[in-house]
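Chain and residue survey
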Amino acid sequence: MATFISVPLKKSSEVDLVKPLSKFVTASYPAGEEQAEYIRAVEELNKLRRNALGRPLDKHESSLEVLLRYYDQLCAVEPKFPFSENQLCLTFTWKDAFDKGSLFGGSVKLALASLGYEKTCVLFNAAALASQIASEQNLDSDEGLKAAAKYYQLASGAFGHIKDTVLSALNREPTMDISPETVGTLSLIMLAQAQEVFFLKATSDKMKDAVIAKLANQAADFYGDAFKQCQYKDNLPKYFYFQEVLPVLAAKHCIMQANAELHQSVLAKQKKRFGEEIARLQHAAELVKTVASRYDEYVSVKDLSDKINRALTAAKKDNDFIYHDRVPEVKDLEHIGKAALVKSTAITPPISQKFTDLFEKMVPMAVQQSMSIYSQRKTETVNRLVGTMREATNLCNGVLASLNLPAALEDLSGDSIPQSIAEKARSIVQQGGLQSIEQLIKDLPELLTRNREILDESLKMLDDEETTDNELRTKFNQRWNRTPSGDLYKPLRAEGANFRNILDKAVQADQVVKERYSTHCDMITLLCKPENELNAAIPSANPTKTLQGSEVVNVLRSQLAQLDEMKKERESLEGEVKAVTFDMSTTFLTALAQDGAINEEQLSLSQLDQLYGAYNQRVQASLRMQEDLLAQVQTSHQEFSSLKQSNTEANQREEVLKKLASAHDSYVEISSNLREGTKFYNDLTEILIKFQNKCSDIVFARKTERDELLKELQQSIAREPSAPSFNVPAYQSTPAAPAAGPTPAPRTVFQPQQPQQQPQAKPQPPARPPPPTVTPQAASTTPTAAPPTGPPSSNPPPVAPPTQAQGPPYPTYQGYPGYFQMPMGYNPYAAYGQYNMPNMPNMPNMPYMPYQGTPGQAGYPAAPPAGQPYPGYPQQPPQHQPYYPQQ
């Protein structure tokens, strides 16, 4: 009786995990020990997959442990890598576990770029292997019973987990083996078998009959639910697997119910309800008889049947001679209780007992993304503070340059180069002068062109693949059931559009810098000349030495010194702001563990406010201080200008000195802008190369997926019938020769119960065929018939008979003894003199003529009277109809 159902494993194609995952690790983590450790972990993950899926697995707990460890690792690694079609694209291909395919079409398989799909299929294999291990257990021992119950419950839980998660994990229609209907049915079957194992354990432990009856009744209920689930789902019975499973489920349902009735009858006997005992035993005997008559080739119930029949015979004997208790109807019997001792094992990773995360130190992608956004917010905060201070410093320098300070205070002699101008000239020469700026300006277009080419090439790859995808979608319509490239590439195209916008803005900024350089080019050239040439180029003016000791000059110098000190404080403050660091990963990990999600904006803004709040206050104080000092400088400068002797030469000299000071400030700013631009383009090149690699990877993955889908479509087209199905006429059928060892077809429970069949009659001869037509063997001697005018028949022509040495071919019917080939010249239609042959040229509505013998040769005898055989030919069996029906 111990027939248990196990599930076959799915088969997977090989997938290289090392290359794409290593590329992601290399791009995401700096070179060092951490990166090397993650790459080693990727190699270990690839080995783990090969061990779990790349070889046949033994039906042993160690093989199941490998599968569960791989499943746990997939669950652990899923949040740490960006597995998706448009980021880290890994395509997993799995075959349907139940569909055996065809000779030319192959088996059904599905390829998806989804880690959830891989997890689902691996868990399916773990459940299937658990069912196989359970079915191999020795149920005569306590250890075997416990192990079988454990693995059946694990299999039930795994199949149930797939039922709940498969649609959300795949986001498309799965193959039938992992569809919710199929795995839901398998989960019920495994749970029923686990309950049956508990029933066997209770029986072996000789527990109370009341308990055993409840366990058996619950198992019967589980089997009945699984059986109904199979019947109600239209897609399941088409599998040969489920066609074999259905009879077992029906048989197990009856057997468990019979066991429940048997043990409940013992309880009735103990309560001296002898009529109830007999009724239950009779019901159990009927159930077992049903199993023996319908499902004997699947489940043997001989022992159970003998046990029930012996008990029934003894009960009837006792009741007939002693008790004379009334035997109630089965419908009037009290319902047997139920006791469910099994429960599907909950799937909560880690399931494996020996699991250790290979990527334990790697933070999840949610934390990585939050860290990246936090880093951007931090950079924006630092740039805002630093930019504010630099803008204020440039404004201060511009105001001083417009007032010709501090050169005006140093130029009281009127005929020498002011010390500040000389220092600025030396600073420009040390920084490379005009040559440095011109080289930087010359390099910018080359860097820009390189970036544009990388971006254009990346987007062109997406365009080409999307065009191909659209063409195939138009060609195959609904069959091309993968994600459209246009939808898949939206994030990449948005990223590409952002890069192009950045490049356009960079071009505008470059143009502004070039225009500014053109404006100050002459003065910068002058500052790059030797000191004597610079002195000669500056107009001289009348001396104003009388102002050297005045109070206004001293006040101005004091105010300028405060401004210089303020600038130095800003430089120091800028360094402090840039040096601030804080590791937010711990904060984000804690939030993820507590809440299951990260509120990045709230956490980041709160932390940034703590870090940079004090620096922001210092920057604002520096701005207020500058505003006050500049107001004081302007007031003092007005007094200084009113005391100076104003003339044309002095005004010209002051104007040149202003331009020289402004040219120096512009040179410093232009040099800084050009170097920042060069760094920007170089950094952007690295980012665009990563973007190009991302586009290349996804396009390659899409091409691989496209090739797989095209192959599947070709196979499905090959499996499709080329024409509608049709029925072959009975006279064209040829009974197959009996096989040496006939294997009866599965008697599934879809068919209604048939009445008791009579002994099979001998085969009847087929109906009369139409008049003989000309065949290739007789084409040379018989005129060709005209094509029929009626509608063409959808049936194929009759099967040609074996080649004969002479005469027209007559059909032979193998398998009917006593019917032989008719001799040449014999006309079986002679008895039907009025049977007309339509559509014969030049012979409209002419009857068949009797056979005319050749001169000198005796003809065959005419047709004998009705009911008499032809002399000399074997007679037909009397119970058969005539060879050709009489009209």
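Each remark here, short or long, concerns the structure printed above.
To keep things clear, this report deals only with the structure shown in the data block. Small disclaimer: the values here were computed from a predicted structure and weren't measured. (Residues numbered from 1 in each chain as written. Predicted model: local features only at pLDDT ≥ 70, side-chain atom pairs only at ≥ 80, totals over all residues. Heavy atoms only, no water.)

1. Here we look at the overall build of the protein
From N to C terminus, the protein includes 21 helices and two strands. Counting all 887 residues of the protein, 41% fall into the buried class. In the protein, once contacts between residues fewer than 6 apart in sequence are set aside, the share between residues at least 24 apart is 82%. A total accessible area of about 49300 Å² is found for the protein, and carbon and sulfur atoms account for 52% of it. (Helix = DSSP H or I, 4+ residues; strand = E, 2+ residues; numbered from the N terminus. Buried < 20%, exposed > 50% of the residue type's maximum accessible area, 1.4 Å probe, protein only. Contact = heavy atoms within 4.5 Å. Areas by Shrake-Rupley, 256 points an atom, 1.4 Å probe, with all protein chains shown as cover.)

2. Looking at helix α18 (residues 551-579)
The end-to-end C-alpha separation of α18 is 43 Å, in line with the 42 Å expected for 29 residues at 1.5 Å each. All of the buried residues in α18 are V552, V553, L556, Q559, L560, L563, M566, K567, R570, L573, E574 and V577. (Expected span 1.5 Å × (residues − 1).)

3. Quick look at the side chain of S485
Inspection of the secondary structure assignment puts S485 in helix α15 (residues 485-488). The exposure class of S485 is buried, given its relative accessible area of 0%.

4. Details of unusual backbone geometry
Backbone geometry follows two general trends: most residues other than glycine have a negative phi, and most peptide bonds adopt the trans configuration. Residue P350 is reached from P349 by a cis peptide bond, and omega for that bond is 0°. Mapped onto the secondary structure, P350 falls in the loop between α10 (302-323) and α11 (365-402). The phi angle at K272 is positive, at roughly 60°, despite the residue not being glycine. Within the secondary structure layout, K272 lies in the loop between α8 (240-270) and α9 (274-294). The backbone of N477 sits at a positive phi, close to 55°, despite the residue not being glycine. With respect to the helices and strands, the residue N477 is situated in the loop between α14 (433-476) and α15.

5. Overview of the pattern of salt bridges
Applying the stated rule across the entire model yields 33 salt bridges. With a shortest N-O distance of 4.0 Å, E44 and K47 are connected by a salt bridge. Of this pair, E44 and K47 both sit in helix α2 (residues 33-53), three residues apart, roughly one helical turn. Take E44: its relative accessible area is 40%, and that puts it in the partly exposed class. Several salt bridges converge on common partners, so that one network encompasses E261, R273, E276 and R280. (Salt bridge = Lys/Arg side-chain N within 4 Å of Asp/Glu carboxyl O.)

6. Notes on the pairing of strand β2 (residues 109-112)
Residues K109 and A111 line one face of β2 and the alternating positions L110 and L112 line the opposite face, and both faces are buried. In this sheet, β2 lies alongside strand β1 (residues 92-95) in antiparallel orientation, the contact comprising four bridges. In the strand pairing of β2, W94 is matched with L110. (Pairing = 2+ DSSP bridges.)

7. Quick notes on the packing of helix α3 (residues 61-77) against helix α4 (residues 115-135)
Two quantities define a packed helix pair, namely the angle between the axes and the distance from one axis to the other. In the contact formed by α3 and α4, the axes pass within 9 Å of each other and the chain directions differ by 160°. What the angle tells us is that α3 and α4 run roughly antiparallel. α4 is crossed by α3, and the crossing has left-handed handedness. On α4, the residues that touch E61, S63, L64, L67, L68, Y70, Y71, L74, C75 and V77 of α3 are L115, E118, K119, V122, L123, N125, A126, L129, A130 and I133. Considered class by class, the residues forming the contact of α3 with α4 number 15 nonpolar, two polar and three charged. (Axes fitted to C-alpha atoms, helices over the stretch in contact; angles between N-to-C directions. Parallel < 35°, antiparallel > 145°, perpendicular 65-115°, else oblique. Left-handed = near helix turned anticlockwise from the far one by under 90°. Nonpolar A, V, L, I, M, F, W, Y, C, P; charged D, E, K, R; others polar.)

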